[in-house]
Amino acid sequence: MFIFKTVKDITAHLEAQRAQGRLIAFVPTMGALHKGHLSLLQAAQQLPALTVCSIFVNPTQFNNATDLEKYPRTTEQDIALLTGAGCDVLFLPTEQEVYPDGKAVKEPYDLGYLETVLEGAYRPGHFQGVAQVVERLLQIVKPHKLYLGQKDFQQVAVLRRMIDTRQLAVQLESVPTTREPDGLAMSSRNRRLTESQRSVAGLIYQCLVSIQSKKGMQPFAVIQKECRELLIHKGFRPDYIELAVADTLELLPDYDPSRKMVALIAAYIGEIRLIDNLVL
Ligand code: AMP
């Protein structure tokens with residue numbers, strides 16, 4: 001695996017590959033890699049393409065300074081994992097490489113309604129930072145395909161919108177969520193859970209499954225209240241437990257069988273905020 005730390009070096013390498021007609025498949029990450037990240041790489045490897053992963057803990061998408069400071073960084077292990085998984089190129093830039101003219105968003109992205117609900121409402125500025133870093137990485141890597149995880153359901157919608165409005169020539173693929181045996185969605189932040197927090201963390205997924213399985217049997221408000229009470233009882237602080245139209249994330253007060261729906265939960269356990277979702 002080639003490892004590049006500067007825009008200049010990765011650009012030269014990728015230009016040479018592109019000149020030989022190679023397709024480029026890109027998986028952006030913030031590192032502390034787990035099997036969920038590797039499933040994105042595996043999806044990319046289905047193509048006859050050069051696979052490029054990036055690891056960059058993007059400061060502009062953190063709306064909480066402690067979360068940024070405590071975000072796990074395991075670069076040596078990540079390199080070993082990516083090498084073992086057959087990744088072709090790793091981009092490991094510094095902040096200076098990604099933000100040579102500073103981190104301020106010069107012109108805010110018009111993310112519309114998506115920025116006002118769910119993660120948008122609870123993490124002000126988060127999606128501006130996500131759109132900003134992914135646009136910069138796309139301009140550097142210039143991939144044909146971009147692989148994103150459904151684990152971050154709203155992020156996929158935001159980036160689809162950013163790609164459309166900027167008219168970027170990249171095709172987006174979203175990959176199903178990889179879970180632990182108890183259903184907990186794999187996440188870099190899971191490393192920070194204590195043993196007792198970890199022992200209850202699967203409850204978020206159980207709540208999503210119960211929202212899915214009780215569709216058409218009970219009003220959503222009843223199940224939402226049960227889930228909220230159960231999570232609080234086990235020590236969580238839920239930000240939201242919502243049902244939405246999968247394509248638009250329009251919030252739904254109740255099940256609507258005529259539309260494809262998604263249930264989404266965000267909850268703190270201790271100081272760690274976990275998110276998950278399930279398409280119904
Ligand atoms: P992150 O490093 O958390 O920014 O995630 C990098 C990419 O991996 C994003 O597109 C995430 O949605 C995706 N991802 C994170 N966790 C999972 C998971 N458990 N299953 C599938 N994809 C994931």
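Residues numbered from 1 in each chain as written. Predicted model: local features only at pLDDT ≥ 70, side-chain atom pairs only at ≥ 80, totals over all residues. Heavy atoms only, no water.

Now for the overall build of the protein. The number of helices and strands found in the protein is 11 helices and nine strands. Considering only C-alpha atoms, the protein reaches an extent of 60 × 40 × 35 Å along its principal axes. Across the protein, contacts joining residues at least 24 apart in sequence account for 72% of those joining residues at least 6 apart. Looking at charge distribution, the protein has the averaged site of its 31 positive side-chain charges lying 2 Å from that of its 31 negative ones. (Helix = DSSP H or I, 4+ residues; strand = E, 2+ residues; numbered from the N terminus. Contact = heavy atoms within 4.5 Å. Lys, Arg positive; Asp, Glu negative; His and termini not counted. Charge placed at Lys NZ, Arg CZ, Asp CG, Glu CD.)

This part is about the domain arrangement of the protein. On domain assignment, one finds that the protein holds domain 1 (2-175) and domain 2 (188-279). Between domain 1 and domain 2, the contact holds 26 residues from the first and 20 residues from the second. Summed over both sides, the interface of domain 1 with domain 2 buries roughly 2,000 Å², with 54% coming from carbon and sulfur. Applying the counting criterion to the domain 1 and domain 2 interface returns four salt bridges. For Asp67, the salt bridge identified is with Arg192, shortest N-O distance 3.9 Å. (Domains from an automatic or database assignment. Buried area = accessible area lost by both parts, 1.4 Å probe. Salt bridge = Lys/Arg side-chain N within 4 Å of Asp/Glu carboxyl O.)

Before going further, it helps to examine the environment of Gln154. Mapping Gln154 onto the fold places it in helix H8 (residues 153-165). Under the relative-accessibility criterion, Gln154 is labelled buried at 3%. Distance in space between the C-alpha atoms of Gln154 and Thr248 is 9.3 Å, their sequence separation being 94 residues. For Gln154, the residues in contact, after removing those within four places along its chain, are Leu114, Val117, Leu118, Glu119, Gly120, Phe127 and Leu249. Polar contacts involving the side chain of Gln154 include one to the main-chain amide nitrogen of Glu119, which spans 3.0 Å. (Buried < 20%, exposed > 50% of the residue type's maximum accessible area, 1.4 Å probe, protein only. Polar contact = N/O pair within 3.5 Å; in protein donor to acceptor, adjacent residues only side chain to side chain.)

This brings us to the state of the cysteines. This model, assessed by the stated rule, comprises zero disulfides. With no disulfide of its own, Cys227 has Cys207 as its nearest cysteine by sulfur position, at a separation of 3.7 Å. (Disulfide = S-S within 2.5 Å.)

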